[in-house]
Every structure is written in structure tokens, then in C-alpha cells.
Amino acid sequence: MFNQLYKKMKRIIIFFLFPIFCFSQINNIKITYDIKLIEENFKNTDDPIYRRLEENAENTELLFEKYNNVSICSLVNDIQQDPVLYSLIDLFNPDFYDYIKKNNYSLYNSNYIYSASDYLLSTNIKYIWEFYDETKEIGGYLCYKAVSKNIENSKGSFYPVTVWYCPAIPLEAGFKNYNNLPGAVLELQEQYIAYLAKSITFNEVEKFELPKLPIISIEEYLQKVEQAKKDNPEMFPDFKSNN
């Protein structure tokens, strides 16, 4: 009786510890996401612009790669890039994240704003998450729901962002600054865009580091933008000089 109980408990312990042992050997991860428009949040889905956005979204993927304590996410497009879609996604350039410093860096190239041709714009945004018991399966992984309600858009209003994270993949793997979650993000829903993981691979990412480029803060960046408007008004069609 005791031996049977012991063997049963041993199997249970092995079952639960097996994923931990497996993932303890992982130091990098690559996730590819499909991009979908959230149709109900658009006013006119019959508009040709929406149809163009929908077509471009179907041909665009978000690629997330993490190696040790640094990650990068970028958009991959099979057809011509749509600036409206990229604006909605707000990811014109690759984004890096340093998991030690808990800081996000966006790669920029803009000579008329900064003296260096390439630089990193540093942003440190921490979202507050509300965790729920609601679950669903994504690609065979059990995921849990979390929502952040302090996301502000360009018009100054707030909208919720919903993520589905997987505790069975105990790596902090979030993109676009959506981090601080106890597991990899396999689905994310913003105001107009949804991202759904379509493929996940482990230990196949080639080593990379944060680019060794000048780093400027958002405050420095905004100051340089204002100065650039004065020095190069032709680069800013909407800018009106006070002089």
C-alpha cells in the first residue's frame, strides 16, 4: 500500500517538475506573431483604407527574439510597408528591451534631430497588471489573462490592453514594453491590433546584444524635436513658426 502510494506521488512530482527542468536549460526564445485588426474598434470597415490595412496586416508578422537578458522585436512584411498600419502598431523601428535595467530602447535614424545617424531612444514605462483566473489554450499552451488599464493613446484617452501569458514558459518574454508578467506573452490585444503567437522555438536564436549607440531620454528627444522644427521647418509640414 505504502509502496504504491510512494510510486504514485513520485510520478506526480516528476510530472510537475519536468517542465521546470526543461525550461531551466533555455536561455533564448523566438516567437512569431500573426497580426490582426480588431474589427469592432474601427468605425467604418467598408472604407478602402480599412481594407488596405487588413490586407497589409495579413502579410505582416511581429518577430520577437530574446537572448539572455536582451530582446528585440520588429515587423516583417512580405509586401510594401503601410505607414498607417505601422503607426497603429507604433513600431516603425526595432525595439530592444534590457531585462536587467528594465528599460526599453527604440532604434532611430534621424540626422536632423540628433547629430548621430543612429541612436537609441530610452523609455521606461511600467504597466500595472490586473490578473485573472480566466484561461485559454494557445498553440497547445495553457495561458492566463491579464489586463492593464493605464494605456494612454495620442488623444489623451485610456484603453485597456489584454495579454494572455503562459506560466509553463517561465521566461519574461513580452514585446512593445509589455513586460513584468510571470510567463511568455502568447497573445496581446491593443486598441486596434491583436497579436497571436503562431510559432515558438527555443535555443535557436543567434547571440545578439544591445547596440552600442548613443542613448537619449524621451525628454532629450522631445527637446531635439522642437529644436529641429525651428531649424528645419520644411521637415515638419504642420509646424508654424512664431517668427
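Throughout, residues of each chain are indexed from 1 in the direction in which the sequence is written. Given that the model is predicted, a residue must reach a pLDDT of at least 70 before its local features are reported, and side-chain atom pairs must reach 80 or more before they are shown or counted; all residues, however, enter totals for whole chains, interfaces and linings. The basis for every side-chain value is the complete set of heavy atoms in the structure, and neither hydrogens nor water enter the calculation.

1. Re the environment of Lys126
Where we set the bar: Counting from the N terminus, the helices are the DSSP runs of H or I reaching at least four residues and the strands are the DSSP runs of E reaching at least two. Note on definitions: a residue-residue contact is assigned when non-hydrogen atoms from the two residues lie within 4.5 Å. Throughout this description, a polar contact denotes any pair of N or O atoms lying within 3.5 Å of each other; where both atoms belong to protein, one of them has to be capable of donating a hydrogen while the other can accept it, and for residues adjacent in sequence the pair is counted only when both atoms sit in side chains.
Looking at the secondary structure, you find Lys126 in the loop between strand E6 (118-123) and strand E7 (130-138). Sequence spacing of Lys126 and Tyr178 is 52 residues, and the spatial spacing of their C-alpha atoms is 8.0 Å. Excluding anything up to four places from it in sequence, Lys126 contacts Lys102, Asn150 and Asn180. Separated by 3.0 Å, the side chains of Lys126 and Asn124 make a polar contact.

2. So, the nonpolar core
Among soluble globular proteins, nonpolar side chains are generally buried collectively. As a reminder of what qualifies: Here, nonpolar core refers to any group of buried Ala, Val, Leu, Ile, Met, Phe, Trp, Tyr and Cys residues whose side-chain atoms link them within 4.5 Å. Remark: exposure states derive from per-residue accessible area (1.4 Å probe, protein chains only) relative to the maximum for the residue type, with buried under 20%, exposed over 50%, and partly exposed in between.
One finds Leu62, Phe64, Phe175 and Tyr195 to be the most contacted residues of the largest nonpolar core, which totals 43 residues. Each residue touching Tyr195, except ones within four places of it in the same chain, is listed here: Tyr33, Asp34, Ile35, Leu62, Ile89, Phe175, Lys176, Leu186, Glu187, Leu188 and Glu190. Residues Val70, Tyr105, Phe208 and Leu210 belong to the second largest nonpolar core, which totals nine residues.

3. Remarks on the packing of aromatic side chains
Spelled out, the test is: Centres within 6.5 Å are what make two rings of Phe, Tyr or Trp a pair, Trp counting through its six-membered ring; a difference in plane orientation under 30 degrees is then read as stacked, over 60 as edge-to-face, and the rest as tilted. Two thresholds decide whether a charge sits over a ring: the Lys NZ or Arg CZ must be within 6 Å of the ring centre and within 35 degrees of the ring normal.
On inspection of all chains with the given rule, the structure shows 12 aromatic pairs. Their ring planes at 70° and their centres at 4.8 Å tell us that Tyr97 and Tyr99 sit as a pair that is edge-to-face. Owing to a relative accessible area of 4%, Tyr97 belongs among the buried residues under this scheme. With a centroid separation of 5.9 Å and an interplanar angle of 90°, the aromatic rings of Phe131 and Tyr165 are classed as edge-to-face. In this pair, Phe131 sits in strand E7 while Tyr165 sits in strand E9 (residues 158-166), placing the two residues 34 residues apart along the sequence. Put simply, the rings of Tyr33, Phe175 and Tyr195 touch in pairs and so form one group of aromatic residues. Across the ring face of Tyr99, the terminal group of Lys66 is positioned such that the distance to the ring centre comes to 3.9 Å. For Lys145, the ring lying beneath its charged end belongs to Tyr132, and the centroid distance is 5.5 Å.

That is the geometry; function is a separate question.
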